[in-house]
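Structural features, examined
Each chain, written out:
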Amino acid sequence: MIKACLFDLDGTLANTLDSMAIAANRTLRELGLQELPTDNFRYYCGDGAETLVRR
């Protein structure tokens, strides 16, 4: 019996660039840092949230 199903929604199955940029920019703003253009996040995504934050 299957009890769970996981999906990787980083742009492969759904276009999540805008929501990722909104969340990241909110975090940057709360830390007093400059927000970034949404298009920048095309190059920061992939390899998980920890890597996104590092990039």
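Preceding this section is the structure that the text describes.
Each value, and the rule that gives it
- Residues numbered from 1 in each chain as written.
- Predicted model: local features only at pLDDT ≥ 70, side-chain atom pairs only at ≥ 80, totals over all residues.
- Heavy atoms only, no water.
- Phe/Tyr/Trp six-rings, centres within 6.5 Å; stacked < 30°, edge-to-face > 60°.
- Helix = DSSP H or I, 4+ residues; strand = E, 2+ residues; numbered from the N terminus.
- Buried < 20%, exposed > 50% of the residue type's maximum accessible area, 1.4 Å probe, protein only.
- Salt bridge = Lys/Arg side-chain N within 4 Å of Asp/Glu carboxyl O.

Some words on the packing of aromatic side chains
- All chains considered together, the criterion is met by one aromatic pair.
- Ring geometry for Phe41 versus Tyr44: centroids 5.5 Å apart, planes at 85 degrees, classification edge-to-face. With Phe41 and Tyr44 both in helix α2 (residues 41-44), this residue pair falls three residues apart, about one helical turn.
- Assessed through its relative accessible area of 3%, Phe41 is described here as buried.

Notes on the pattern of salt bridges
- Overall, the coordinates contain four salt bridges when judged by the stated rule.
- Here Glu30 and Arg26 are joined by a salt bridge, their closest N and O atoms 3.1 Å apart. With Glu30 and Arg26 both in helix α1 (residues 17-30) and four residues apart, the pair spans about one turn of that helix. For the residue pair Glu30 and Arg26, the accessibility class agrees, reading exposed in each case.
- Measuring nitrogen to oxygen at the nearest pair gives 2.8 Å for the salt bridge that ties Glu35 to Arg29.
- For Arg29, a relative accessible area of 48% corresponds to the partly exposed category.

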